[in-house]
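Chains, contacts and geometry: an overview
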Amino acid sequence: MTTPLGFTNTTRLPFLLKYPLLWCCLLAIATLAQGQTASQVVFTSQNQKTQASTGKNGELQVNVSPKDAQAFKTRGWVKYSDFGALGDGKTDDMNAIAAAHAFANQQKLPVKADEGATYYISGKERTAVIRTDTDFGKAAFIIDDVDVENRNASVFEVSSSLKSFPLKGVTSLKRNQKKIDATLPGPCLITVTNSNVKHYIRYGLNQNNGVSQTDIFMVDKNGKVDMDAPIIWDFDQITEISALPIDEKPLKITGGRFTTIANQAESKYTYYQRNIQIRRSNVLVDGLEHHITGEGDHGAPYGGFFSIRDCAYVTVRNTILTGHKTYSTIGAAGKPVSMGSYDISPNRAVNVSFINCSQTNDINDRTYWGILGSNFCKNMLYDSCVFSRFDAHMGVANATIRNSTLGHMGINAIGSGTFLVENSTIRGGTLINLRSDYGSTWQGEFVIRNCTFVPSGGRPVTASLIGGSYSGQHDFGYTAYMPERITIENLKIDDSNHPENYQGPAIFANFNPQMKDESYKEQFPYVITKEVVLKNVTTASGKPLRISDNSFMFRDVKVVTK
C-alpha cells in the first residue's frame, strides 16, 4: 500500500530514519491531507522516547526513535511494552497495543505480548489493526465495557492490505453458474447484491421487511466459480458487486486470555461489537480464551467476540469462549422477546471452521443464549466442539457438525446444500430445528450418522427429530423447502424420560396444526420432503419412530427402513 506521500510501507521507514525531522514534517502534512480521525495513526521519528499517545482530534500519535526502530527490526518482532504498555491490569494500554500493531504492519513484523502481562483496555474508542502474525501468549487482556465511547468499535481488527474493487461488466448471475465473465488479479471473494429484491422477510416477534438479496462466492483469476461454495440465487439484476483478493499467506493469532467486563446498558437491541473482528481471508486463531464477568440483571446484547465477515478460510481451534446472559426487551411486534447475544458471529463468510472449541459455562444452562449466530455463510464446520448451539439465521450453504456435543439450543438452521451431522450428541428441543421465523427452509438434504439425540436435554417432552413451523400464509421472499431427502443412520434417541401417553418420537414436528385436510390452502406453498431413509434408529423408550402428529401434512413422504 502506498502512503499519500508516495512512500510504501516497506521503504518509507528506512529512508526516513536517516532524516527524522523530515519524517516528522512530512507525516504532519500527510495527516492534514487525510483529515484527522480517531482511527488514524500518525508516526514520527524523533530522538525521544518511543511511545504512543492520543492527539487532540483523537488520532493515535506514535513516536518511534530511530534507534528503537532499528532494534525492533534487528530483533525481528515487536512487543507491546516497546510502545509503552505497562501490563499492570490497571493502566489503559490500548494506545500502546494499537501502536505496536501499526508499526508491525508497516515493517511486516510479528507481534508478541509480554510474558505475564495483564493489559487493561478501557472504553475509549481505539482499534488495533492486525496484519501480521500475533502471539498473545499467556498474557491477559481486560476489556472494560462499563463505559464505552463507541460500542461499534472493535478492539482488534484482523484486516488485509489487499483492497476490494468494483467488478464491472457482470450484470446478472444464475444459481450454480460455473463461471463469471471477469479477469482478476488472482483468487477473489465476490460479494453481490440486488437491492431490488428482498429475502429473509422475518416473521414473528422480531418481524421485519427483509434484507436485500445477497451472495458471496469465490472465483479464480479466470472467473471460474468454486463449486464447493456455489452461487445460490438467481440475480436478474445486480445493484452492487465487488471483488476482494484472497490473501494466500496465512495469518496466525495464538494464545491470549481475554475477559470482558460486561456493559450495564439498557436491555435493548443496541449490540456491542467490542471484539476481535476478522475481515481477512486465510486466518488461524489458536489457543485463545474469552471470559465474561460483571453481568447483572440488565444489559445490551453482544454481536460476537469473534466477528468473522466478508472473508474465507478462517479457522478457530483449541479455543474457549463464553455464552452471554439472556436479557429481554420489546420486539418489533410490540411484545417481550429474548435478545440473541453471541460470542461467535460469522456473517457473509466462506469456509469457517471451529475445531476443538468449547465454552466456559454449562451448555445446558438456559439462562445463557446460544453461543453462535450466523448469516449468509457457506461451508461452516464444527469439529470436536462442545457448544450450546449451532445457528444459521439468514441461511448457510452446506454445514457439517462432527464429533461434537451441542446443548440446550441445539441445531437451528435454514439454508441449502448438504447438512451433515455425525458422531455427535444433540441435546436441543429437536435434532435439527428449521427456523420458523425464516420459513423453516432447507433446499437440499440432511445426513445424520452415528449420533445420539437427547430431547430437550432429558426433560419429559414428546420428541421430534426435525422441528419447525410453516403456515403458508407469509411471504419470506423465496420459496420455502423442506430437505428433499433425509438420511438417518445409527441414531440413538434417549427418550427415557417422557410424558404420560407418549406415542414415541416423530420424524417431523407438527409444522402446521391448521393443515388437517385438503381444504387448507397455502398462499405460499411449502415444498415437502420426498424421502426419509432410516437405518438402525433406536429409542430408549422402546417406542417406534412415527412420521408426525400431522400425518396429513406428511402423507406423501416416502419412508424407507433399511
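For the structure itself, look to the data block above.
First, a word on scope: everything that follows refers to the structure included in this document. Predicted, not measured: the structure shown is a model, and the values here were computed from it.

What counts and how
Residues numbered from 1 in each chain as written. Predicted model: local features only at pLDDT ≥ 70, side-chain atom pairs only at ≥ 80, totals over all residues. Heavy atoms only, no water. Pairing = 2+ DSSP bridges. Helix = DSSP H or I, 4+ residues; strand = E, 2+ residues; numbered from the N terminus. Salt bridge = Lys/Arg side-chain N within 4 Å of Asp/Glu carboxyl O. Buried < 20%, exposed > 50% of the residue type's maximum accessible area, 1.4 Å probe, protein only. Expected span 1.5 Å × (residues − 1). Polar contact = N/O pair within 3.5 Å; in protein donor to acceptor, adjacent residues only side chain to side chain. Contact = heavy atoms within 4.5 Å. Phe/Tyr/Trp six-rings, centres within 6.5 Å; stacked < 30°, edge-to-face > 60°. Lys NZ or Arg CZ within 6 Å of the ring centre and 35° of its normal. Core = buried A, V, L, I, M, F, W, Y, C linked by side-chain atoms within 4.5 Å. Axes fitted to C-alpha atoms, helices over the stretch in contact; angles between N-to-C directions.

Examining the sheet that holds strand β13 (residues 211-219)
The strands that make up a sheet are held in pairs by hydrogen bonds between backbone atoms, and each pair lies either parallel or antiparallel. Read from one edge to the other, the open sheet built from 4 strands follows the order β11-β14-β12-β13, with strand pairing classed as antiparallel. Pairing within the sheet leaves two strands with one partner each, and these edge strands are β11 (165-166) and β13. As judged from the 9 bridges shared by strand β12 (residues 188-199) and β13, these two strands associate in the antiparallel manner. Residue I190 lies in a different strand from β13, and its bridge partner there is F217.

Quick word on unusual backbone geometry
In this model, N318 sits at a positive phi of 50°, which is unusual for a non-glycine residue. As for its position among the elements, N318 is in the loop between β19 (303-317) and β20 (320-321).

Examining the pattern of salt bridges
A full pass over the atoms with the stated rule returns 22 salt bridges. Taking the shortest distance from any N to any O, the salt bridge between R449 and E422 comes out at 3.0 Å. Taken together, the residues R449 in strand β30 (residues 442-453) and E422 in strand β27 (residues 405-422) connect sequence positions 27 residues apart. Its relative accessible area of 12% is what places E422 among the buried residues. With its nearest N and O atoms 4.0 Å apart, the salt bridge here joins E489 to K535. On the criterion of sequence distance, the pair formed by E489 in strand β32 (residues 485-493) and K535 in strand β34 (residues 531-539) is long-range, its members being 46 residues apart. Classification of K535 as partly exposed rests on a relative accessible area of 40%.

Here's the deal with helix α4 (residues 94-107)
Compared with the 20 Å implied by 1.5 Å per residue over 14 residues, the 20 Å span of α4 between its first and last C-alpha is a close match. Where burial is concerned, most of α4 is hidden: 14 out of the 14 residues are buried. K108 lies just past α4 and shows a positive phi near 55°.

Some thoughts on the pairing of β30
Looking at chain direction, β27 and β30 are connected through 8 bridges and run parallel. What sits directly across from S416, in β30, is Q443. Both strand β28 (residues 425-426) and β30 contribute to a ladder of 2 bridges, which runs parallel. Note that in β30 the partner of T425 across the bridge is T452. Pairing of β30 with β32, which is carried by 8 bridges, proceeds in the parallel orientation. The partner of T452 across the bridge, within β32, is K492.

A word on the side chain of R435
As for its placement among the helices and strands, R435 is situated in the loop between β29 (430-434) and β30. Exposure remark for R435: the relative accessible area of 9% places this residue in the buried category. A distance of 2.7 Å separates polar atoms of two side chains, one belonging to R435 and the other to D391. Here H393 takes part through its side chain, which lies 3.4 Å from a polar atom of the side chain of R435. Excluding residues within four positions of it along the chain, R435 makes contact with R202, R389, D391, A392, H393, N412, A413, I414 and S440.

Examining the packing of aromatic side chains
This structure, assessed with the given rule, holds 34 aromatic pairs. A centroid spacing of 6.4 Å and a plane angle of 20° characterise the contact between F476 and Y478, whose relative ring orientation is stacked. Judged by its relative accessible area of 13%, Y478 is buried. Counting every residue linked through ring pairs, the aromatic cluster contains Y200, W233, F376, Y438, Y470, F476, Y478, F508, F511, Y526 and F554. Its guanidinium or amino end placed over the ring of W77, R75 lies 4.3 Å from that ring's centre, counting from NZ or CZ. Between the NZ or CZ atom of K112 and the centre of the ring of W77, over which it lies, the distance is 4.5 Å.

Some thoughts on the nonpolar core
In this structure, Y80, F141, F156, F354 and F390 are the most contacted members of the largest nonpolar core, which totals 130 residues. The biggest single contributor to this core is α4, with 9 residues. Among the nonpolar cores identified, the runner-up in size contains 8 residues, and M218, A229, I246 and A312 belong to it.

Description of the pairing of strand β25 (residues 374-383)
The element β25 is extensively covered by neighbouring structure, given that 10 of its 10 residues are classed as buried. With 6 bridges connecting them, strand β23 (residues 342-355) and β25 associate as parallel partners. Each bridged residue has a counterpart across the sheet, and for S353 the counterpart in β25 is L381. As judged from the 8 bridges shared by β25 and strand β26 (residues 386-402), these two strands associate in the parallel manner. When the sheet's bridge partners are listed, M380 is paired in β26 with A399.

Brief notes about the side chain of T134
As for its placement among the helices and strands, T134 is situated in strand β9 (residues 134-144). At a separation of 3.1 Å, a polar atom in the side chain of T134 contacts the main-chain carbonyl oxygen of T132. Other than its neighbours up to four places away in sequence, T134 contacts Y80, H101, V111, K252, I253 and T254.

Looking at the sheet that holds strand β2 (residues 51-54)
As summarised here, the arrangement of the 3 strands in space is β1-β3-β2, forming an open sheet in which the pairing is mixed. Every interior strand has two partners, whereas the edge strands, β1 (41-44) and β2, have only one. On average, adjacent strands in this sheet sit at an angle of 20° to one another, irrespective of strand direction. Bridge count between β1 and strand β3 (residues 60-63): 4 bridges; the pairing is parallel. Within the sheet, the bridge partner assigned to V42 lies in β3 and is Q61. Across the sheet, α4 touches β1, β2 and β3, and the angle it forms with β2 is around 120°.

Distances and angles like these do not, on their own, reveal function.
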